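# Tertiary structure, described
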Number of protein chains: 2
Amino acid sequence: MSALVLSGRELAAAIRAEAGNRAAELTAEGRPPQLAVVTATADESSAWYVRSIANAAEKTGLRCEVHDLGPDAGPTAVRERLEQLSTDPTVHGLMLQTPLPPGATLEELASAIAFEKDVDGANPLSLGRLAAGMPAFAPATAEAVVALLDFHKVPLSGRQAVVVGRSTVVGKPVAHLLLDRDATVTVCHSRTADLAAVTRTGEVLIAAVGRAHLITPDHLRPGAVVVDVGTNPTPDGGLTGDVAPGAAAVAAALTPVPGGVGPVTTALLLRHTVLAADRAG
Amino acid sequence: MSALVLSGRELAAAIRAEAGNRAAELTAEGRPPQLAVVTATADESSAWYVRSIANAAEKTGLRCEVHDLGPDAGPTAVRERLEQLSTDPTVHGLMLQTPLPPGATLEELASAIAFEKDVDGANPLSLGRLAAGMPAFAPATAEAVVALLDFHKVPLSGRQAVVVGRSTVVGKPVAHLLLDRDATVTVCHSRTADLAAVTRTGEVLIAAVGRAHLITPDHLRPGAVVVDVGTNPTPDGGLTGDVAPGAAAVAAALTPVPGGVGPVTTALLLRHTVLAADRAG
């Protein structure tokens, strides 16, 4: 027995197609949706990710402008650019790429992103509204987890979901989204006493720690559905998840890395940008 | 064997004493700390709660002004009053009492409370900042839970904490505060499949559902520490918790109702107001 593979490519294509249709209409009306990405780093994998977003936007018919402030830009320059783009009426979606300049935190800088343009849910106001059940863009990765489970018809209501990792960008917002869907949610992390004992309670397990293959077959309840959010670089230049390959023998279903949560995340950034453009009227 | 009683009265008295000392200093400097409470309801128990806050404030040497807009005030009147008090330099702490006018939600209206004066953590921005690990006032009840556990020297790091209830004012912020303290946190609720099986995993159990005696001895892991956030009215005009009396035979320790979380909550509202006055310079 090997686990069913829960690919994200079909869902991502469907989201892009829908976003592309609406983007074409808005463009025809003279208000083309535009995503602005602010970056201030020489990090290689960050640059790769930004290019992949820009490519996806272009193919989908959205404008995407990358504001590369260079690795020497300080927090003030980043904040000022975010403030400027927040009031620029031609920009509908606005995201800040990590890593950030030394001394800066994503939460502090992202507070400068206008709430309506915060397509990656990085402004703490977005997270708070999300937790309070108010309209807000969720962080795209967190939303991608639940979208992928929905697409593959994995029930969530009343089920035990375990989230490994408590980051502000993934673990915490995923926990809120799963709670909204009536799952019983456990968040565990590096300080959890017996991690495998806790993760084995999960009918649905979300691995979002950023450590290659931390989740082994021993961590899984037989028949669990496992979503792997990890994108850890491999020596040969590829990507691998937080879940060890052997997990496929215990899990009922498993998202691949790459090709699982990743493409859905990018597609959702585009959908959010089109929605923001739509609302901007 | 009967569980240790984790009273909140001593801690509340200590918090009030400290807040009172600083309030006296600030008053001597000509800037007396002031808490404003906005209410728009004829609800009896709400009026009782507001009076108890006002009394505690007065005894502690803080000013407390109750803005009673009456049960016929609409959401707009409430919002306008909150906006006005948010910019009033003599007001340092600002809270909105529930129940609210029909059609209004606490989250929407509390968005009008200036973040620095949001002493009961009701503005979604406060919740988001809290979740993101940034400075913010937590909802006083949620903070009281953790403060009471700390006061009674209950360790949290690495332990399994179960929160019953997922409200924006208690369950969710308590979960974040416990995560910050390195507990492994499970949130369960009315849709949880086998509630007792989940709550029995809790070394620390927080009952915040608002249903009298929902948590029975059968829900408890032997030796658990139980914090009862419930304040349910009894036929004789008293209050009773979410935890059934028999729980004392199974738990190692238990907070009483009344006299547990409640007095600490009120004391923390005063502490937050003094802190806000301090910061307002």
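Residues numbered from 1 in each chain as written. Chains lettered and ligands numbered in written order. Predicted model: local features only at pLDDT ≥ 70, side-chain atom pairs only at ≥ 80, totals over all residues. Heavy atoms only, no water.

## A few points about the overall build of chain A
For chain A, the helix and strand inventory stands at 9 helices and 11 strands. A compact globule built from 281 residues should have a C-alpha radius of gyration of about 19 Å, and chain A, at 19 Å, falls within 12% of that. With respect to the three principal axes, the spread of C-alpha positions in chain A is 55 × 40 × 40 Å. Going through the 281 residues of chain A one by one, you find that 54% of them count as buried. For chain A, restricting intrachain contacts to residue pairs at least 6 apart in sequence, the fraction spanning at least 24 positions comes to 69%. (Helix = DSSP H or I, 4+ residues; strand = E, 2+ residues; numbered from the N terminus. Rg over C-alpha atoms; globule rule 2.2 N^0.38 Å. Buried < 20%, exposed > 50% of the residue type's maximum accessible area, 1.4 Å probe, protein only. Contact = heavy atoms within 4.5 Å.)

## Topic: the sheet that holds strand E11 (residues 253–254) of chain B
The strand order across the open sheet formed by 12 strands is E1(A)-E11(A)-E8(A)-E7(A)-E5(A)-E6(A)-E6(B)-E5(B)-E7(B)-E8(B)-E11(B)-E1(B), and the pairing between neighbours is mixed. Edge strands, defined here as strands with exactly one partner in the open sheet, are strand E1 (4–5) of chain A together with strand E1 (4–5) of chain B. In the sheet, strand E5 (residues 160–164) of chain B pairs with strand E7 (residues 204–207) of chain B via 4 bridges, with the strands oriented parallel. Note that in E7 of chain B the partner of alanine 161 of chain B across the bridge is valine 204 of chain B. (Pairing = 2+ DSSP bridges.)

## Brief notes about the UniProt feature "domain: Tetrahydrofolate dehydrogenase/cyclohydrolase catalytic" (unreviewed entry) in chain A
Taking the UniProt record as the reference, the feature "domain: Tetrahydrofolate dehydrogenase/cyclohydrolase catalytic" (unreviewed entry) is found at residues 6–120 of chain A. End C-alpha atoms of residues 6–120 of chain A are separated by 23 Å, and the span's content is 47% helix alongside 14% strand. (UniProt positions renumbered as here; feature names shortened; annotations may be inferred.)

## Things to note about the relation of the copies chain B and chain A
When chain B is fitted to chain A, the best match, at an RMSD of 0.0 Å, comes from turning it 180 degrees and sliding it 0.0 Å along the axis. This pairing of chains is accounted for by a two-fold axis. A share of 100% of interface residues in chain B that are also interface residues in chain A marks the association as one of identical surfaces. (Least-squares fit on C-alpha atoms with pLDDT ≥ 70 in both.)

## Digging into unusual backbone geometry
Backbone torsion omega between valine 257 of chain A and proline 258 of chain A reads -5 degrees, so that peptide bond is classified as cis. Summarising the element assignment, proline 258 of chain A is placed in the loop between strand E11 (253–254) and helix H9 (261–279). Of note in the backbone geometry, aspartate 182 of chain B takes a positive phi value of approximately 70 degrees without being a glycine. Here aspartate 182 of chain B is to be found in the loop between helix H7 (171–180) and strand E6 (184–188). You can call aspartate 182 of chain B buried: its relative accessible area is 15%.

## Description of the interface of chain B and chain A
Each side of the interface is counted separately: chain B has 32 residues, and chain A has 32 residues. When chain B packs against chain A, close to 2600 Å² is buried across both sides, 55% of that on carbon and sulfur atoms. A salt bridge links aspartate 182 of chain A to arginine 191 of chain B; the nearest nitrogen and oxygen atoms lie 3.0 Å apart. The tally of links from chain B across to chain A stands at 16 residue pairs in polar contact (both at pLDDT 80 or more). (Buried area = accessible area lost by both parts, 1.4 Å probe. Salt bridge = Lys/Arg side-chain N within 4 Å of Asp/Glu carboxyl O. Polar contact = N/O pair within 3.5 Å; in protein donor to acceptor, adjacent residues only side chain to side chain.)

## Notes on the environment of histidine 176 of chain A
Assignment of secondary structure puts histidine 176 of chain A in helix H7 (residues 171–180). For histidine 176 of chain A, a relative accessible area of 5% puts it in the buried group. Considering only alpha carbons, one finds histidine 176 of chain A and serine 126 of chain A, 50 residues apart in sequence, at a separation of 12 Å. Ignoring anything within four residues of it in the chain, the contact list for histidine 176 of chain A reads Ala131 of chain A together with Lys172 and His176 of chain B.

## Notes on empty space enclosed by the protein
This structure, assessed with the given rule, holds 3 cavities of 30 Å³ or more. In this model, the largest cavity occupies a volume close to 130 Å³. For the largest cavity, the full set of lining residues is Lys172, Ala175, His176, Leu179, Val185 and Val187 of chain A together with Lys172, Ala175, His176, Leu179, Val185 and Val187 of chain B. Counting residues per element, the ones that place at least two in the lining of the largest cavity are H7 and strand E6 (184–188) of chain A together with H7 and E6 of chain B. Of the residues assigned to the lining of the largest cavity, the class counts are 8 nonpolar, 2 polar and 2 charged. Taken as a whole, the second largest cavity spans an internal volume of roughly 60 Å³. In terms of lining residues, the second largest cavity is bounded by Ala132 of chain A together with Leu106, Glu107, Gly121, Ala122, Pro124, Leu127, Pro139, Thr168 and Val169 of chain B. Taken together, the elements giving at least two residues each to the lining of the second largest cavity come down to helix H4 (106–110) and helix H5 (124–131) of chain B. Split into classes, the residues belonging to the lining of the second largest cavity amount to 7 nonpolar, 2 polar and 1 charged. (1 Å grid on protein atoms, 1.4 Å probe; cavity = no way out; pocket = protein on both sides within 12 Å on 5 of 7 lines; lining within 4 Å. Points joined across faces, edges and corners; volume = space filled by probe spheres on them. Nonpolar A, V, L, I, M, F, W, Y, C, P; charged D, E, K, R; others polar.)

## Side note on the pattern of salt bridges
All names here are of chain B. Enumeration according to the criterion identifies 20 salt bridges over all chains in this entry. The partner of glutamate 25 in a salt bridge is arginine 22, and the shortest N-O contact between them spans 2.5 Å. Note that glutamate 25 and arginine 22 are positioned in helix H1 (residues 9–28) at a spacing of 3 residues, about one turn of the helix. When its relative accessible area of 42% is taken as the criterion, glutamate 25 is described as partly exposed. Its salt-bridge partner being aspartate 150, residue arginine 181 comes within 2.8 Å of it at the nearest N-O pair.

## A short note on the UniProt feature "domain: Tetrahydrofolate dehydrogenase/cyclohydrolase NAD(P)-binding" (unreviewed entry) in chain A
UniProt's feature table lists "domain: Tetrahydrofolate dehydrogenase/cyclohydrolase NAD(P)-binding" (unreviewed entry) at residues 139–279 of chain A, given in the numbering used throughout. For residues 139–279 of chain A, the end-to-end C-alpha separation is 19 Å, with 33% helix and 17% strand making up the annotated structure.

## Considerations on the side chain of histidine 272 of chain A
With respect to the secondary-structure elements, histidine 272 of chain A resides in helix H9. Excluding residues within four positions of it along the chain, histidine 272 of chain A makes contact with Val119, Phe137, Ala138 and Glu143 of chain A.

## Considerations on the packing of helix H6 (residues 140–151) of chain B against H7 of chain B
All names here are of chain B. Close contact between H6 and H7 brings their axes to 8 Å; oriented N to C, the two are set at 35 degrees. Where H6 crosses over H7, the two elements pack in a sense that is right-handed. Contacts from Ala142, Glu143, Val145 and Val146 of H6 reach H7 at Pro173, Val174, Leu177 and Leu178. Residue classes in the contact of H6 with H7 are distributed as 7 nonpolar, no polar and 1 charged. (Axes fitted to C-alpha atoms, helices over the stretch in contact; angles between N-to-C directions. Left-handed = near helix turned anticlockwise from the far one by under 90°.)

## Side note on the environment of alanine 13 of chain B
All names here are of chain B. As for its placement among the helices and strands, alanine 13 is situated in helix H1. Residue alanine 13 is classed as partly exposed on the basis of its relative accessible area of 34%. Taking C-alpha positions, alanine 13 is 26 Å from glutamate 44, a pair spaced 31 residues apart along the chain.

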